[in-house]
Number of protein chains: 4
Amino acid sequence: MIVVMKEGSTRAEIEQVMQVLKQKGFGVHLSEGTEQTIVGVIGPRDRVRELGIENMSGVEKLVPVSNPFKLASRAFHPDNTTIQVLDHVVGGETPTIIAGPCSVESRDGLIEIAQAVKASGAQLLRGGAFKPRSSPYSFQGLGEEGLKYLAAAREETGLGIVSEIMEPGLVELVASYVDVLQIGARNMQNFALLKAVGKTQKPVLLKRGFSNTIEEWLMSAEYIMAEGNPNVILCERGIRTFETYTRNTLDLNAVPVVQHLSHLPVLVDPSHGVGHARYVSTMARASIAAGAAGVIVEVHPKPEEAWSDGSQTLTLKAFDEMARQVRQLHELTKSFQRQEATM
Amino acid sequence: MIVVMKEGSTRAEIEQVMQVLKQKGFGVHLSEGTEQTIVGVIGPRDRVRELGIENMSGVEKLVPVSNPFKLASRAFHPDNTTIQVLDHVVGGETPTIIAGPCSVESRDGLIEIAQAVKASGAQLLRGGAFKPRSSPYSFQGLGEEGLKYLAAAREETGLGIVSEIMEPGLVELVASYVDVLQIGARNMQNFALLKAVGKTQKPVLLKRGFSNTIEEWLMSAEYIMAEGNPNVILCERGIRTFETYTRNTLDLNAVPVVQHLSHLPVLVDPSHGVGHARYVSTMARASIAAGAAGVIVEVHPKPEEAWSDGSQTLTLKAFDEMARQVRQLHELTKSFQRQEATM
Amino acid sequence: MIVVMKEGSTRAEIEQVMQVLKQKGFGVHLSEGTEQTIVGVIGPRDRVRELGIENMSGVEKLVPVSNPFKLASRAFHPDNTTIQVLDHVVGGETPTIIAGPCSVESRDGLIEIAQAVKASGAQLLRGGAFKPRSSPYSFQGLGEEGLKYLAAAREETGLGIVSEIMEPGLVELVASYVDVLQIGARNMQNFALLKAVGKTQKPVLLKRGFSNTIEEWLMSAEYIMAEGNPNVILCERGIRTFETYTRNTLDLNAVPVVQHLSHLPVLVDPSHGVGHARYVSTMARASIAAGAAGVIVEVHPKPEEAWSDGSQTLTLKAFDEMARQVRQLHELTKSFQRQEATM
Amino acid sequence: MIVVMKEGSTRAEIEQVMQVLKQKGFGVHLSEGTEQTIVGVIGPRDRVRELGIENMSGVEKLVPVSNPFKLASRAFHPDNTTIQVLDHVVGGETPTIIAGPCSVESRDGLIEIAQAVKASGAQLLRGGAFKPRSSPYSFQGLGEEGLKYLAAAREETGLGIVSEIMEPGLVELVASYVDVLQIGARNMQNFALLKAVGKTQKPVLLKRGFSNTIEEWLMSAEYIMAEGNPNVILCERGIRTFETYTRNTLDLNAVPVVQHLSHLPVLVDPSHGVGHARYVSTMARASIAAGAAGVIVEVHPKPEEAWSDGSQTLTLKAFDEMARQVRQLHELTKSFQRQEATM
């Protein structure tokens, strides 16, 4: 952390700042310019920020310089992390393709979808049993009944199951049915939930909050990892901006930035990211070209009959096409990355 | 909800859309312009959006026209709601002033602060016992011990207690100590938590998420009210923008907008809203002039020794001054509003 | 500027960075932590950023620490600047109230409005002769004819005239008619225009771009001042966010922040800031309580017949009421500020 | 445009609204629901918005339903537009690759870069002669001297020249040297400039403003086209968000959205979009996979010696690699699009 002093701050003010920092056990390092003086502080940046240094006489502002995440950082773990889900490796040689309906609706319907997406090359099946809905009057999901249908679909197809968990009290229940626990965008900073899933060893699909920075996203991964669960899969799903033609603004820049800062695998959800089926396949392709380890998309045999999110849902035929393209692009992108690694 | 057809959509496409809507039980209303045809849909907008109408041939987009909240809307309840907390009425004739430390730190320190803010005119004491921290390595609060100190401070001073609740499993515990349950910005769409506090009759201070729209905020109030708890106090606390000189961008526009749309009282938190003590009193004044029913601020005898958020914390002396100004401005603003009501 | 080195950067990498900086004439200052090394750089930050330092081996990122504006900064000019426009002083003891129609429509209509707003206490008349419209098919303003009507209104009422200038080639023409040259939000970084108005001595009302930071805003003031024109009046008019209930998000935080960083007077435009007449008076009051030197609002005898922006325009009666409230609040706010200055 | 009436609005209020609209010459269409009444308005939406309808008694809000652009819309011109620049076709079978230094610095240096990027497959050379800089103290470009160097580089290499134009008064001068007039992000709504370049027949590279919606961007294209110049090339270059790890947030969603709404070709500028050289090639690849017609990037033989924007500048070697990848991806993406067209 850097403490920037005001232009014209006095010697006494500078020394007062340094003294407070030293008393609290921080290392300090003074750097005086002709116009501006700064005090470098050595120690955890959150602890520095919590001091009221900024209120002290002569202080202009605090400027953080280091990243606050450790376990999630590439500095801590230079090699890419891969995560095993049944017989599929997320972050490995083949792109991860997760598909399924927004909400689990019926046992037979779900199995039909599962068989179709498996045939198209998906390794994991998604489907909401507990649904986060902005309206209390919207369909809230089938609950445990939905989890049973998901388990049945795994039984039939061998696909791993990804489903959202919304409260700490349900971790045990949901974890007993699924292979990957999904933390939704709205719960990215539900710290009680992060700690609860951190106490399991289940892989966690951690979606980025729609207005969270990449740093906060990695700190939420850190919460899970700090509890002992290293199996975190990140998932970019669009941020909120002023644009209205798309439901969200899928931030593909986050993919290479995360890969620079962290060793964790990162997927992309173009369905929520753009919110209109007509753009989903295109953005899935762009995601893979940006280096994503895979995609998660919503599919339904008849999107206009889906119980939720029909407008962003691919048909099974469109999904099959998309999956084929994703594999081709992933192979080409991998070959580019191999070339760069040898440059 | 309005379905906007593409320019050049065919008669068959239009009829197909109308037929699907009718089959699902919606009323429809056709309006054909020379260039553009629209289909008005009568029925709950969330249900309409969930149909895959947007994927149908000839459809350009869906446009919502009605507000999705009911219990929280002014149309449903034309008069302002007031909420009793001990002997203070939130939304009543006197401005609500809530003050206290970011985190509860010690019993004696808390009581000292409580006595001071009461002397300055605060009616409620705030203090975090369970703290939402973006880093797992930051101080997470004293937990139940902190709640006990808060209850002791009420005992000593008569101030009502406001404290944050972060998970459904702790509602009973926290509610047994405090007078107002606070839902923090990060949990504004933690629906399990909203439902849990909705099952109590405790007043709830519902902070706006830092990237949530006013509509979503009112929908979260609706979640609480739909469970049977009408005692919702809204609190604006800053949204996230590109600006970096302030920690957040306090959105005071939200105050008159909420008052137009809803009957619920709205407070403002300038401490989190701007994030720097030097701007807090000014923005507290602006909040009251914007029509807020009161403010919630962080205070500490020695901000530079606070365990968290020192940089946005007022000294007791600055708070005393601010409270006096808030009362004067509130009276003047009320007199303006009374004049307007008679125009 | 601070150069933050990667964790694990080598001694050779650090020295290479320092050498490049020294060669370019910058002072450097090394600060080595146990985990992170930073290099403080003394010299103009824009010049540092332009070096490709960030591309050098071992470098993590650059972090600016100083403000880039000089003439506009309070450090350079500690006292508040006041600006004389005819017999009114902007930033002085009385609040500046600027009112008028969005567009100049007719000579007689404009004079009628001018007389009314003068009677209500406005000192300056606004009105667009050249209009920035997002559609080429919208009314673009009366041009020089409109300027003539504005001059006629000044003749009749003594009000100073504020009107927008959109291109460098028209500075001489517009300046010959008006008392204050307005730079609109969309032109805040039209540097050719900033330089052109900087070559005059006319007061300039510089609106903040709807997605510009406060720093960029002050840099645009700096452009004008660097050309020799010190008479810059800043005007906050709302930023763009995800919120849709308001046309923009009026950022009142900007008022105290600008007053901390700069000596220039700052006004607020609540008409564009919120975009709905029903909220304009309330936000005008909040602006003054936030410390603004005044407001600029759109008024029209019959808003529903205005040629542009009718939905955010006050009636003459509502304006009269607002002006009275603004004066009362300004006096009260000034008294608060005087008390604070003596604390 | 839709006029949404308040719940509980009276028959008299509804009829008053309809009468005003009819008097102004708009067609109206009434649609009464059980809770909400809406009035559909047929006619140009900007003219409707300018009426003060929203201020009328009983009116809740206005909701636009149609797109305001005509010449730029795909409805008006269903086939993709291609634009000839010397012997290259933008939007044609081969991807457009534009490369060059941020600023033109010297004649020989520029020619060296031009020869290198031509050898790597670029068809057009970029280089700033007039530079928009947020600080008046930053290097502002070589001006006409820079244009001469650019023309010399075309002479030597046959590459077409792209350079930025910042004011209407310089259109003739700049157009006499370059092959494509670039409108920078900050000038996207400099309407005087848009009209001026619209009066030429030179191709215009229109960058999206960093906080402009896609609709506003297409309206700015409409400004140019309405003056008679159909040769508009769109260029996405990143929007402003809360994220700080990237300089901007490159919005690749804009690529398929623009292609849905408009017939104009769209390029992407990953250099400004992410602002860090280490991410540029990756995002160039993602841009092509998103369907962009090409990319524009900054290159320099020694980025750390460039006079501006060094931190986002590719080396010649990295550019050569990127160009090769872009071509491979463009071919693959085109093959996907051809398959889709036949589905």
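Cut-off values and rules
Residues numbered from 1 in each chain as written. Chains lettered and ligands numbered in written order. Predicted model: local features only at pLDDT ≥ 70, side-chain atom pairs only at ≥ 80, totals over all residues. Heavy atoms only, no water. Helix = DSSP H or I, 4+ residues; strand = E, 2+ residues; numbered from the N terminus. Contact = heavy atoms within 4.5 Å. Areas by Shrake-Rupley, 256 points an atom, 1.4 Å probe, with all protein chains shown as cover. Lys, Arg positive; Asp, Glu negative; His and termini not counted. Charge placed at Lys NZ, Arg CZ, Asp CG, Glu CD. Buried area = accessible area lost by both parts, 1.4 Å probe. Salt bridge = Lys/Arg side-chain N within 4 Å of Asp/Glu carboxyl O. Polar contact = N/O pair within 3.5 Å; in protein donor to acceptor, adjacent residues only side chain to side chain. Nonpolar A, V, L, I, M, F, W, Y, C, P; charged D, E, K, R; others polar. Axes fitted to C-alpha atoms, helices over the stretch in contact; angles between N-to-C directions. Parallel < 35°, antiparallel > 145°, perpendicular 65-115°, else oblique. Left-handed = near helix turned anticlockwise from the far one by under 90°. Least-squares fit on C-alpha atoms with pLDDT ≥ 70 in both. Phe/Tyr/Trp six-rings, centres within 6.5 Å; stacked < 30°, edge-to-face > 60°. Buried < 20%, exposed > 50% of the residue type's maximum accessible area, 1.4 Å probe, protein only. Pairing = 2+ DSSP bridges. Disulfide = S-S within 2.5 Å. Core = buried A, V, L, I, M, F, W, Y, C linked by side-chain atoms within 4.5 Å. Domains from an automatic or database assignment.

The name given to chain A in an unreviewed UniProt entry is 3-deoxy-7-phosphoheptulonate synthase, and the organism recorded there is Alicyclobacillus fastidiosus.

The helix and strand inventory of chain A stands at eleven helices and 14 strands. Referenced to the eigenvectors of the C-alpha coordinate spread, the extents of chain A come out at roughly 75 × 50 × 40 Å. Once local pairs closer than 6 in sequence are excluded, the contacts in chain A between residues at least 24 apart make up 67%. A total of about 11000 Å² of accessible surface is found on chain A, and carbon and sulfur atoms cover 48% of it. For chain A, the separation between the mean place of its 34 positive charges and that of its 39 negative charges on side chains is 0 Å.

All right, on to the interface of chain C and chain D then. Quite often, the size of an interface is put as the accessible area lost when its parts meet. Opposite the 55 residues of chain C that make contact, chain D presents 55 residues. For the pair chain C and chain D, the summed buried area comes to about 4500 Å², and 46% of that belongs to carbon and sulfur atoms. The three residues of chain C that bury the most area against chain D are Glu50, Tyr137 and Glu304 of chain C, which together make up 13% of that side's buried surface. Inspection of the region where chain C meets chain D yields two salt bridges. Across the pair Glu216 of chain C and Arg240 of chain D runs a salt bridge whose closest N-O atoms are separated by 2.6 Å. At the boundary of chain C with chain D, the tally comes to 23 residue pairs in polar contact (both at pLDDT 80 or more). Mapped by element, the contributors of at least two residues to the side of chain C that touches chain D are α2 (45-50), β4 (59-63), α6 (191-198), α7 (214-226) and α10 (277-289) of chain C. For the side of chain C that touches chain D, the element with the highest residue contribution is α7 of chain C, accounting for five residues. Split into classes, the residues belonging to the side of chain C that touches chain D amount to 18 nonpolar, 18 polar and 19 charged.

For the rest of this paragraph, the subject is the packing of helix α10 (residues 277-289) of chain A against helix α10 (residues 277-289) of chain D. Two numbers describe how α10 of chain A lies on α10 of chain D: the axes approach to 8 Å, and their chain directions differ by 160°. Between α10 of chain A and α10 of chain D, the angle falls in the class roughly antiparallel. Like other packed secondary-structure pairs, α10 of chain A and α10 of chain D cross with a definite hand, here right-handed. Side by side, α10 of chain A and α10 of chain D meet where Thr282, Arg285, Ala286 and Ala289 of chain A of the first sit next to Thr282, Arg285, Ala286 and Ala289 of chain D of the second. Looking at side-chain class alone, the contact of α10 of chain A with α10 of chain D contains four nonpolar, two polar and two charged residues.

For the rest of this paragraph, the subject is the interface of chain B and chain D. Contacts between the two partners involve 28 residues from chain B, matched on the other side by 28 residues from chain D. Buried area between chain B and chain D, both sides added, is near 1900 Å², and the carbon and sulfur share of it is 58%. Ranking the residues of chain B by area buried against chain D places His29, Val65 and Phe242 of chain B at the top, with a combined share of 23%. The tally of links from chain B across to chain D stands at zero salt bridges.

We note that Leu86 of chain A has phi near 50°; this positive angle belongs to a residue other than glycine. Structurally, Leu86 of chain A is set in the loop between β5 (83-85) and β6 (88-90).

Time to look at the relation of the copies chain B and chain D. Between the two copies, chain B and chain D, the superposition gives an RMSD of 0.0 Å; the rotation angle is 180° and the shift along the axis is 0.0 Å. Taken together, these values place the two copies in the relation of a two-fold axis. The rotation axis passes nearest to the C-alpha of Phe242 of chain B in chain B, at a distance of 2.2 Å. When the interface residues of chain B are mapped onto chain D, 100% of them are again interface residues, pointing to one common binding face.

On to the relation of the copies chain C and chain D, then. Of the transformation placing chain C onto chain D, the axial shift is 0.0 Å and the rotation is 180°, giving an RMSD of 0.0 Å. An overlap of 100% is found between the interface residues of chain C and their copies at the interface of chain D, pointing to a shared contact surface.

With that out of the way, let us pick up the packing of aromatic side chains. Residue and element names in this part refer to chain B. In the structure shown here, the tally under the stated rule is four aromatic pairs over all chains. Ring geometry for Phe191 against Tyr223: centres 4.6 Å apart, planes inclined by 25°, an arrangement best described as stacked. Here Phe191 is found in helix α6 (residues 191-198), whereas its partner Tyr223 is found in helix α7 (residues 214-226), with 32 residues between them in sequence. Accessibility assignment for this pair places Phe191 and Tyr223 in one class, buried.

With that out of the way, let us pick up the pairing of β4 of chain C. Residue and element names in this part refer to chain C. Counting buried residues in β4 gives four out of five residues, a clear majority hidden from the surface. Bridge analysis of strand β1 (residues 2-5) against β4 gives four bridges, and the strand direction is antiparallel. Paired with Met5 across the two strands is Val59, which belongs to β4.

Bringing the side chain of Asn248 of chain C into the picture now. Residues and elements named next belong to chain C. Examined against the element boundaries, Asn248 turns out to sit in the loop between β12 (232-236) and α8 (254-261). In terms of polar contacts, Asn248 uses its side chain to reach the backbone carbonyl oxygen of His272, at 2.9 Å. Discounting residues that sit within four places of it in the chain, Asn248 has contacts with Phe210, Arg237, Gly238, Ile239, His272, Gly273 and Val274.

A covalent bond bridging the sulfur atoms of two cysteines is what the word disulfide describes. Throughout the structure, instances matching the rule amount to zero disulfides over all chains. Cysteine Cys235 of chain B remains unbridged, with the sulfur of Cys102 of chain B as its closest cysteine sulfur at 14 Å.

With 325 residues, the main nonpolar core has Phe319 of chain A, Phe319 of chain B, Phe319 of chain C together with Phe319 of chain D as its most contacted residues. Beyond its immediate stretch of four places on either side in the chain, Phe319 of chain C contacts Ile97, Ala99, Val117, Ser120, Ala122, Val297, Val299 and Leu314 of chain C. One finds Ile14, Met18, Val28 and Val39 of chain C within the second-largest nonpolar core, a separate group that totals 18 residues.

Our focus in this paragraph is the domain arrangement of chain A. Domain boundaries in chain A define domain 1 (2-63) and domain 2 (83-341). Summarising the inter-unit geometry, the C-alpha centres of domain 1 of chain A and domain 2 of chain A are found 44 Å apart.

Okay, the environment of Leu193 of chain C next. Topologically, Leu193 of chain C is positioned in helix α6. With residues up to four places along the chain from it excluded, the contact list for Leu193 of chain C reads Ile165, Met166, Glu167, Pro168, Val171, Ile183 and Asn187 of chain C.

Following the criterion strictly, the structure yields 42 salt bridges over all chains and no others. One salt bridge connects Arg126 of chain A with Glu298 of chain A, and the closest N-O pair in it is separated by 3.7 Å. Pair noted here: Arg126 of chain A is in strand β8 (residues 124-126) and Glu298 of chain A is in strand β14 (residues 294-298), with a separation of 172 residues, a long-range link. Between Glu321 of chain D and Arg324 of chain D there is a salt bridge, with its nearest N and O atoms 2.8 Å apart. Linking Glu321 of chain D with Arg324 of chain D, this pair stays in helix α11 (residues 316-342), spanning three residues, or about one helical turn. A residue is classified by how much of its surface remains accessible, and Glu321 of chain D, at 14% relative accessible area, is buried. Note on Arg324 of chain D: relative accessible area 30%, which makes it partly exposed.

The next point concerns the environment of Pro68 of chain A. Residues and elements named next belong to chain A. Take Pro68: it is sitting in the loop between β4 (59-63) and β5. Overall, Pro68 belongs to the buried group, its relative accessible area being 11%. Along the backbone, Pro68 and Glu222 are 154 residues apart, and their C-alpha atoms lie at a distance of 9.4 Å.

Take the side chain of Thr37 of chain A next. Relative to the elements of secondary structure, Thr37 of chain A occurs in strand β3 (residues 37-42). Excluding its chain neighbours within four sequence positions, the residues that come into contact with Thr37 of chain A are Val3, Val4, Met5, Ile14, Leu30, Ser31 and Glu32 of chain A.

Residues and elements named next belong to chain A. The strand order β2-β3-β1-β4 describes an open sheet built from four strands, whose pairing is antiparallel. Looking at the sheet topology across the chains shown, the edges are occupied by β2 (27-32) and β4. Within the sheet, the average angular offset between the axes of one strand and its neighbour, ignoring direction, is 20°.

For α8 of chain C, a buried count of six out of eight residues is recorded, marking the element as mostly surrounded by other parts of the structure. Three or more residues of α8 of chain C are buried, namely Ala254, Val255, Pro256, Val257, Val258 and Leu261 of chain C.

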